[in-house]
Amino acid sequence: MRILFMGTPEFAVPCLDAMNKEHEVIGIYTKVDKVNKRGGKITYLPVKQYGLDHNIPIYQPTTLKDGTVEKEIKELNPDLIVVVAYGKIIPQSIIDIPKYGIINVHSSLLPKYRGAAPINAAIINGDTKTGVTIMYIAEELDAGDIILTKETEITEEETFLTLHDKLKEIGAEALTEAVRMIFAKTNPRIVQNHEEATFVKPFKKEDLRIDWNKSEKEIYNFVRGINPFPCAFTTLNDKMLKVYEVKKNGKVYENGEVGEIVDKVKGIGPVVKTGDGSVIITLAKPESKKVLKGADLLNGNFIKIGEKLL
């Protein structure tokens, strides 16, 4: 099958590799290269690098809406377009081109968590399972008919990074199965229940601030749900403290205010009072410093008992 692939980040690479091994990938559409602000060096994003390594033609349009890409894709004449974390909305004029349509690999069990940050949202909300959905692209975001889903457990220790890496491999397996079904004309088209849809927006900076008034479980889930990216933070003495890991402490303190460093656990880290208990900061990065273990935050006097985090 002649496949045109649209994707950008590392999450999309296993899917691209799976398609390249079983089918003819006739081209890759990916976002424009990033330029390093300091050195001016161009960094190729993962999907582009894969394409260069495997001699697949690369296309990097700034827009899909001016008619140029539509004409280009018609000339390429793909049987199927596969989209994985491309980062651009596909217009209907392009959706209508390929013989078998356009399908998307989405990292949640739709209709739950449509939108930009489904992996983060599943952990932050304390879900115990998630998965990947292979669906047809529709004009409305993540609202197309479902071909298949594959589930996986979210463990208590899962972080965004570990779940991301798990789902990118599951996504490649699910995509391979779905494309085989499409080629054999045995694929279902399951209409989503749009009334059950939930949406997750891209994170803004202030969304990443830890709310110490929340429960220790909510804070624990929040921190691991954005570890290591985009990363939770708090402020201490008007300076940012990025927080990569916390542990639930299971202890209630009568002294101190919410957000205050009320204790320390020797060899582990400082204890912060939360809305219903406390958490221990076990890995964090003070402003302009390297990432430190919790115990080193105390030993280096970066954090002291009695100080308040905001």
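For the structure itself, look to the data block above.
Here the residue index of a chain counts from 1 through its sequence in written order. For a predicted model such as this one, the threshold for reporting local features is a pLDDT of at least 70, and the threshold for listing and counting side-chain atom pairs is 80 or more; totals across whole chains, interfaces and linings nevertheless cover every residue. Each side-chain value is worked out from all heavy atoms of the structure, with water and hydrogens disregarded.

Colleague: Mind showing me how you'd approach the overall build of the protein here?
Modeller: Under the DSSP-based scheme used, a helix requires at least four consecutive residues in state H or I and a strand at least two consecutive residues in state E, with every element numbered from the N terminus. A tally of regular secondary structure across the protein gives 8 helices and 17 strands. Its C-alpha atoms put the protein at 70 × 45 × 30 Å along the principal axes. Categorising residues by exposure relies on relative accessible area from a 1.4 Å probe, with only protein chains included: less than 20% of the type maximum marks a residue as buried, more than 50% marks it as exposed, and the intermediate range marks it as partly exposed. Counting all 310 residues of the protein, 51% fall into the buried class. In what follows, a contact means two residues having at least one pair of non-hydrogen atoms within 4.5 Å. Within the protein, residue pairs in contact and separated by at least 24 positions form 63% of the contacts whose partners lie at least 6 positions apart. Per-residue and other accessible areas were derived by the Shrake-Rupley procedure at a 1.4 Å probe size, with only the shown protein chains allowed to occlude residues. Carbon together with sulfur atoms contributes 49% to the accessible area of the protein, which is approximately 15500 Å² in total. The charged-residue count follows a simple rule in which Lys and Arg add positive charge and Asp and Glu add negative charge, with His and chain termini not counted at all. The atom standing in for a charge is NZ when the residue is Lys, CZ when it is Arg, CG when it is Asp and CD when it is Glu. Here the protein carries 43 positive and 43 negative side-chain charges, and the mean point of each set is 5 Å from the other.

Colleague: Mind showing me how you'd approach the pairing of strand β15 (residues 269-273) here?
Modeller: Of all 5 residues in β15, 5 are buried, a share of seventy percent or more. Any two strands are treated as partners once DSSP identifies two or more bridges connecting them. One ladder, built from 4 bridges, connects strand β14 (residues 261-265) with β15; its direction is antiparallel. Each residue of the ladder has a partner; that of I261, found in β15, is V272. Once β14 ends, the chain turns through 3 residues before running back antiparallel as β15, passing G267 with a positive phi of about 80°. As paired elements, β15 and strand β16 (residues 278-286) share 3 bridges and run antiparallel to each other. By the bridge assignment for β16, V271 is matched with I280. Turn length for the β15-β16 hairpin, with the two strands adjacent in sequence and antiparallel, is 4 residues.

Colleague: I'm lost on the packing of aromatic side chains in this one. Help?
Modeller: Aromatic ring pairs are defined here through the distance separating the ring centres and the angle between the ring planes. A pair of aromatic rings is counted whenever rings of Phe, Tyr or Trp (Trp by its six-membered ring) have centres within 6.5 Å, and the orientation is called stacked for planes under 30 degrees apart, edge-to-face for over 60 and tilted otherwise. For the coordinates displayed, the defined rule picks out 1 aromatic pair. Aromatic side chains Y29 and Y59 sit 4.8 Å apart centroid to centroid with 15° between the ring planes, which places their arrangement in the stacked category. You can see Y29 sitting in strand β2 (residues 24-29) and its partner Y59 sitting in strand β5 (residues 58-59), a full 30 residues away along the chain. Just above the ring of Y136 sits the side chain of R189; from NZ or CZ to the centre is 3.8 Å. Here, a charge over a ring is recorded when the distance from Lys NZ or Arg CZ to the ring centre is within 6 Å and its angle to the ring normal is within 35 degrees.

Colleague: What's the story with the pattern of salt bridges in this structure? I'm lost.
Modeller: Think of a salt bridge as a Lys or Arg side-chain nitrogen and an Asp or Glu carboxyl oxygen that are within 4 Å of each other. For the coordinates displayed, the defined rule picks out 16 salt bridges. Across the salt bridge formed by K21 and D17, the nearest N and O atoms sit 3.0 Å from each other. You can see K21 and its partner D17 sitting in helix α1 (residues 13-22), 4 residues apart, about one turn around the helix.

Colleague: How should I be thinking about unusual backbone geometry in this particular structure?
Modeller: Glycine aside, a negative phi is what most residues show, and trans is what most peptide bonds show. Each neighbour pair has its own omega, and for N227 with P228 the value is 5°, a cis peptide bond. Looking at the element boundaries, P228 is found in the loop between α7 (216-225) and β12 (232-236). Geometrically, the link from F229 to P230 is a cis peptide bond, its omega value of 0° lying close to zero. Following the sequence through the fold, P230 ends up in the loop between α7 and β12. Within the chain, D142 stands out as a residue other than glycine whose phi angle is a positive 55°. Its place among the elements puts D142 in the loop between β9 (129-136) and β10 (146-153). For D142, a relative accessible area of 10% translates into the label buried. Of note, C231 is a non-glycine position whose phi angle comes to about 85°, a positive value. In this fold, C231 is placed in the loop between α7 and β12. Overall, the relative accessible area of 3% leaves C231 in the buried class.

Note that all results are geometric; they support no functional claim without further evidence.
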